[in-house]
Amino acid sequence: MDIIYLATFLVAFISSILSGIAGGGGGFVMSPYWLVLGMTPAQGAAAGSFMATGTSVSSTVVLHKTDHFPKSKRLLYILSITAFIGSILGAVIVPKIDMQSFRYLLAIITVSALPLLFVKPAVNRRLSRYRALGLVLAILLLIIGSIITSSALSILFALVLMSFFGMSVLQITALRRLVGVTQSIVMFVAFTAQGYFIWQHAIAGLVGGSLGSYIGTKYAVKKGELFAKHALAIM
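Residues numbered from 1 in each chain as written. Predicted model: local features only at pLDDT ≥ 70, side-chain atom pairs only at ≥ 80, totals over all residues. Heavy atoms only, no water.

K.L.:
With reference to specific residues and values, describe the overall build of the protein.
P.N.:
Helix and strand counts for the protein come out as 11 helices and 0 strands. In the protein, the order of α-helices and β-strands from amino to carboxyl end is α-α-α-α-α-α-α-α-α-α-α. Residues counted as buried form 48% of the 235 residues belonging to the protein. The contacts in the protein between residues at least 6 apart in sequence include a share of 86% that link residues at least 24 apart. For the protein, the accessible surface area stands at approximately 11,300 Å², while carbon and sulfur atoms represent 72% of it. (Helix = DSSP H or I, 4+ residues; strand = E, 2+ residues; numbered from the N terminus. Buried < 20%, exposed > 50% of the residue type's maximum accessible area, 1.4 Å probe, protein only. Contact = heavy atoms within 4.5 Å. Areas by Shrake-Rupley, 256 points an atom, 1.4 Å probe, with all protein chains shown as cover.)

K.L.:
Describe the packing of aromatic side chains, with residues and values.
P.N.:
How two aromatic rings sit relative to each other is set out by the distance from centre to centre and by the angle between their planes. Within the structure shown, the criterion is met by 5 aromatic pairs. Among the aromatic residues, those joined into a ring-pair cluster are Phe50, Phe188 and Phe197. (Phe/Tyr/Trp six-rings, centres within 6.5 Å; stacked < 30°, edge-to-face > 60°.)

K.L.:
Run through the confidence of the model for the protein, naming residues and quoting values.
P.N.:
Summarising the model, the protein shows a mean pLDDT of 79, and 82% of its residues fall at 70 or more. Mean pLDDT across the secondary structure elements of the protein bottoms out at helix H6 (residues 121-127), with 55, and peaks at helix H1 (residues 3-22), with 90. (pLDDT = per-residue confidence, 0-100.)

K.L.:
Outline the nonpolar core, supporting the account with residue identities and numerical values.
P.N.:
Core analysis: the largest hydrophobic core is formed by 30 residues, its most contacted members being Leu75, Leu79, Leu161 and Leu175. Contributing elements (two or more residues each) for this core: helix H4 (73-93), helix H7 (131-147), helix H8 (153-165), helix H9 (169-193) and helix H11 (225-234). Among the elements that make up this core, the one with the highest residue count is H8 (11 residues). Apart from residues lying up to four places away in sequence, Leu75 is in contact with Leu135, Leu161, Phe165, Met167 and Leu175. (Core = buried A, V, L, I, M, F, W, Y, C linked by side-chain atoms within 4.5 Å.)

K.L.:
Pulling in residues and values, what's your account of the side chain of Thr55?
P.N.:
When you line up the elements, Thr55 lands in helix H3 (residues 41-63). With a relative accessible area of 9%, Thr55 lands in the buried category. When near neighbours in sequence (up to four residues on either side) are disregarded, Thr55 contacts Ser16, Arg177, Gly209, Ser210 and Ser213.

K.L.:
Run through H8, naming residues and quoting values.
P.N.:
The terminal C-alpha atoms of H8 lie 18 Å apart, and with 13 residues this matches the ideal 18 Å at 1.5 Å per residue to within 8%. In terms of burial, H8 is a largely internal element, 13 of the 13 residues being buried. Following H8 by one or two positions, Gly166 adopts a phi angle in the positive range, close to 65°. (Expected span 1.5 Å × (residues − 1).)

K.L.:
I'd love a proper account of a nonpolar patch on the surface, names of residues and values included.
P.N.:
Together, Ile81, Phe84, Ile85, Ile88, Leu89 and Val92 make up an exposed nonpolar region whose accessible area comes to about 520 Å². Among the structural elements, Ile85 can be located in helix H4. (Patch = residues over 30% accessible without salt bridge, like charges linked within 9 Å, V, L, I, M, F, W, Y side chains within 5 Å. Salt bridge = Lys/Arg side-chain N within 4 Å of Asp/Glu carboxyl O.)

K.L.:
For the side chain of Ser184, give the residues involved together with the corresponding values.
P.N.:
Among the secondary structure elements, Ser184 is positioned in helix H9. Here Ser184 falls in the buried class, since its relative accessible area comes to 4%. A polar side-chain atom of Ser184 sits 3.0 Å from a polar atom in the side chain of Thr53. In contact with Ser184, not counting residues within four places along its chain, are Ser49, Ala52 and Thr53. (Polar contact = N/O pair within 3.5 Å; in protein donor to acceptor, adjacent residues only side chain to side chain.)

K.L.:
Go over H3 with me, naming the residues and quoting the values.
P.N.:
Under the 1.5 Å per step criterion, the end-to-end length of H3 is 31 Å for 23 residues, consistent within 8% with the ideal 33 Å. Along H3, 18 of the 23 residues are buried, which leaves the element largely enclosed by surrounding structure.

K.L.:
Can you break down the environment of Leu35 residue by residue, with the values?
P.N.:
Its place among the elements puts Leu35 in helix H2 (residues 27-36). Residue Leu35 is classed as partly exposed on the basis of its relative accessible area of 43%. With residues up to four places along the chain from it excluded, the contact list for Leu35 reads Thr40 and Pro41.

The structure is reproduced here in structure tokens:
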């Protein structure tokens, strides 16, 4: 095995352990790594979406038989359809637009929003009366996240689901992983059809990411909700 593919496996493995523990954020590591390898943003998105299919499935396997599995099928279906549409838009727009400045802006907004992860439950109960607004915000964040392929939106998406739907971080992780399967498959197919798929690195990332996500998610479930919330903020 070429040493560079072993490096891809190890980077994917470590980043996915962290992502599994925190319920997201692996893209903060993998996105710049693909660029370091010399990939274009579209090639990185193709490899990343292929890898994300494995990480989503492995996390879902862990969460499937726990109390953290999503209870609302309606919300799952709506967000899955949204991810499908957003992924198609992302596959068309990403190769044509430099999104770097948007990523910086999203990172600043996300870091500023971190304290909201720990707001008092009474605030969340008041916001839960406005679930329609929460659904609109979740849909917008999911679509934007499919176009501007950045993990910076993980916190904002989690905040919306926590505040308006009363979901725990681990429940959000399960929901995001299920939705992520649809999102990653559509983006992988679309980018591959455009000739952006570099299969050697993508396979190394898929194997490393699947193993790491399984281990990280298992550990997060074992440690519990408060640990998952702090891990998400740190990630």
